Amino acid sequence: MLRILALILLSSLIAPAFADQRADTQRQLEAARQDVAELKKMLEKLQQEKSGVQQQLKKTETEMGDLESQVKDLQHELKDSEQEIQRLDQEKKKLQSARTEQQRLIAIQARAAYQSGRQEYVKLLLNQQNPEKFSRTLTYYDYLSHARLEQLSVFNETLRQLANVEQEIASHQAQLQTQKAGLDERHAKLADVRKQRQQALAKLNSEFANRDQRLKARQQEQAELGRVLKTIEETLARQAREAEEARKRALVAQQARPSSSASGPVVTSGATYGGPFSSARGKLPWPVDGRLVARYGTPRGGDARTKWDGVLIGAPAGSQVRAVHGGRVVFADWLRGAGLLVILDHGNGYLSLYGHNQSLLRNAGDVVKAGDPIATVGKSGGQETSALYFAIRQNGRPSDPAQWCRAQG
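Please read these numbers as outputs of a predicted model, since none were measured by experiment. (Residues numbered from 1 in each chain as written. Predicted model: local features only at pLDDT ≥ 70, side-chain atom pairs only at ≥ 80, totals over all residues. Heavy atoms only, no water.)

### Thoughts on the overall build of the protein chain
Phase 1: The helix and strand tally for the protein chain stands at 5 helices and 12 strands.
Phase 2: Sorting the 409 residues of the protein chain into buried and exposed places 36% on the buried side.
Phase 3: Contacts in the protein chain between residues at least 24 apart in sequence constitute 73% of all its contacts with a sequence separation of at least 6.
Phase 4: Total accessible area computed for the protein chain in this model is approximately 23,800 Å², and 53% of it derives from carbon and sulfur atoms. (Helix = DSSP H or I, 4+ residues; strand = E, 2+ residues; numbered from the N terminus. Buried < 20%, exposed > 50% of the residue type's maximum accessible area, 1.4 Å probe, protein only. Contact = heavy atoms within 4.5 Å. Areas by Shrake-Rupley, 256 points an atom, 1.4 Å probe, with all protein chains shown as cover.)

This is how it looks when you write it as structure tokens:
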């Protein structure tokens, strides 16, 4: 009885604790959604100030990214459909072989039945000279009759399966034709958008004909990236402060109610994303396999007046870009100079940036683990060759990625 009472008391204490945990988790998720929505709104406002040519470049490169993703998806679907048709063809051949063999066996049984004739039953009944032999022979005939019926049943089932497979093949072939038509349409649209991009780039190049104009353009690009990063960092810092204040209030409330085991809101300390980012220095993987074509601190475009605040990694277009550490996507959009850009928040003021992508695989607000694909390598942002721009920031200050990533990168 005492044990039962203790169990009842324990369950009455645990149930509210679990309810509090669920409520806190829901509040945390809602707060995270509000944070991302607020951040996105602020960044969109920052990006409204663009020239007509920049807007055109953004439109074409964003559309190209979407089309590239659609083309890849359709190519995967085509491959799957072709493999399924091959599998069905193999199944069809097996069923056709089974049908031929079953027809042969049924023909043998039919000839045997014809040769023996149904009069054997009458002869057996009339003779009845040996009752035991009569019983055995009758059992034998029954066995043969059942075997014929079973063989016919198997044959009919084979025919049914063969008809279904042929119908499936016809359906998949029709689907394949539809997918091919869709792929051709996307390819044509992609070629048109690429042409529009070239026209936009030609306009930009004519605007920045001399070296000083190009320098000014790069400085404007860096200033815009700086404004975006400052907005992100300020918003994340404020959100972290608010989360810490909420956590302290939750601790005070928890101390006032010791039976509850509720936890406070999630703080971007890095623990949520697989451990502190600072402890991974020198151990991070590179985001893509490739060759460093521009190192941190080197002149950009041969002009010593502007330097790289990250690195440029040459890689084939379409190669997957992977997160170097767990984090939350705080920016996934086109930005002047950086093209299609992903920015990850790793907590404690650390950000990693991945730019000039062909397409984006994540949206703002997504939480990713180390190694998760987040984009594909491209040349957006007006680049001539496909390469990934990769940078690391700590509290607004750029840091050399080579000091963070493994030496074999």
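### A look at the pattern of salt bridges
Phase 1: Across all of its chains, the model carries 7 salt bridges by this definition.
Phase 2: Across the pair Lys-92 and Glu-166 runs a salt bridge, and its minimum N-O distance is 3.9 Å. Pair noted here: Lys-92 is in helix H2 (residues 52–116) and Glu-166 is in helix H4 (residues 131–207), with a separation of 74 residues, a long-range link.
Phase 3: Among the residues examined, Lys-92 registers a relative accessible area of 24% and is labelled partly exposed.
Phase 4: Take Glu-166: its relative accessible area is 37%, and that puts it in the partly exposed class.
Phase 5: A salt bridge links Asp-309 to Arg-393; the nearest nitrogen and oxygen atoms lie 2.8 Å apart. (Salt bridge = Lys/Arg side-chain N within 4 Å of Asp/Glu carboxyl O.)

### Digging into the nonpolar core
Phase 1: Within the largest apolar cluster, 26 residues are counted, with the highest numbers of intra-cluster contacts made by Leu-284, Leu-344, Tyr-354, Ile-374 and Phe-390.
Phase 2: Among the elements of the structure, strand E4 (311–314), strand E7 (339–347), strand E8 (350–360), strand E10 (373–377) and strand E11 (387–394) are those that each provide at least two residues to this core.
Phase 3: Counting residues in each nonpolar core, the second largest holds 19 residues, with Ile-232, Leu-236, Leu-341 and Tyr-389 among its members. (Core = buried A, V, L, I, M, F, W, Y, C linked by side-chain atoms within 4.5 Å.)

### Details of empty space enclosed by the protein
Phase 1: With the rule as written, the count across this model stands at 1 cavity of 30 Å³ or more.
Phase 2: Estimates place the volume of the largest cavity at around 140 Å³.
Phase 3: Taken together, Glu-221, Gln-222, Leu-225, Arg-300, Trp-308, Asp-309, Arg-336, Gly-337, Ala-338, His-356 and Tyr-389 make up the full set of residues lining the largest cavity.
Phase 4: The dominant element in the lining of the largest cavity, judged by the number of residues it contributes, is helix H5 (residues 211–256), at 3 residues.
Phase 5: Here the lining of the largest cavity is composed, by residue class, of 4 nonpolar, 3 polar and 4 charged. (1 Å grid on protein atoms, 1.4 Å probe; cavity = no way out; pocket = protein on both sides within 12 Å on 5 of 7 lines; lining within 4 Å. Points joined across faces, edges and corners; volume = space filled by probe spheres on them. Nonpolar A, V, L, I, M, F, W, Y, C, P; charged D, E, K, R; others polar.)

### A look at the packing of aromatic side chains
Phase 1: Inspection of every chain in the model, using the stated rule, returns 6 aromatic pairs.
Phase 2: Between Phe-277 and Tyr-350, the ring centres sit 5.0 Å apart and the planes meet at 35°, which makes this aromatic pair tilted. Here the residue Phe-277 occupies a position in the loop between H5 and strand E1 (291–294), and Tyr-350 occupies one in strand E8, the gap between them amounting to 73 residues.
Phase 3: Aromatic pair Tyr-354 and Phe-390: ring centres 5.4 Å apart, planes at 35°, arrangement tilted. On the criterion of sequence distance, the pair formed by Tyr-354 in strand E8 and Phe-390 in strand E11 is long-range, its members being 36 residues apart. Across the pair, exposure class does not vary: Tyr-354 and Phe-390 are buried alike.
Phase 4: Among the aromatic side chains, those forming a connected cluster through ring pairs are Phe-277, Tyr-350 and Trp-404.
Phase 5: The residue whose ring lies beneath Arg-281 is Trp-404, and the NZ or CZ to ring-centre distance is 4.6 Å.
Phase 6: Its end group placed over the ring of Trp-308, Arg-300 keeps NZ or CZ at 4.2 Å from the ring centre. (Phe/Tyr/Trp six-rings, centres within 6.5 Å; stacked < 30°, edge-to-face > 60°. Lys NZ or Arg CZ within 6 Å of the ring centre and 35° of its normal.)

### So, the confidence of the model for the protein chain
Phase 1: Taken residue by residue, the protein chain gives an average pLDDT of 75. The fraction at 70 or more is 67%.
Phase 2: Segment residues 1–15 is flagged for pLDDT under 50; beyond a separation of four residues in sequence, or across chains, it makes 2 contacts in the model. (pLDDT = per-residue confidence, 0-100.)

### A look at the environment of Ala-317
Phase 1: Note that Ala-317 resides in the loop between E4 and strand E5 (320–322).
Phase 2: Separated by 71 residues in sequence, Ala-317 and Leu-388 have C-alpha atoms that sit 9.5 Å apart.
Phase 3: Discounting residues that sit within four places of it in the chain, Ala-317 has contacts with Gln-358, Val-377 and Ser-386.

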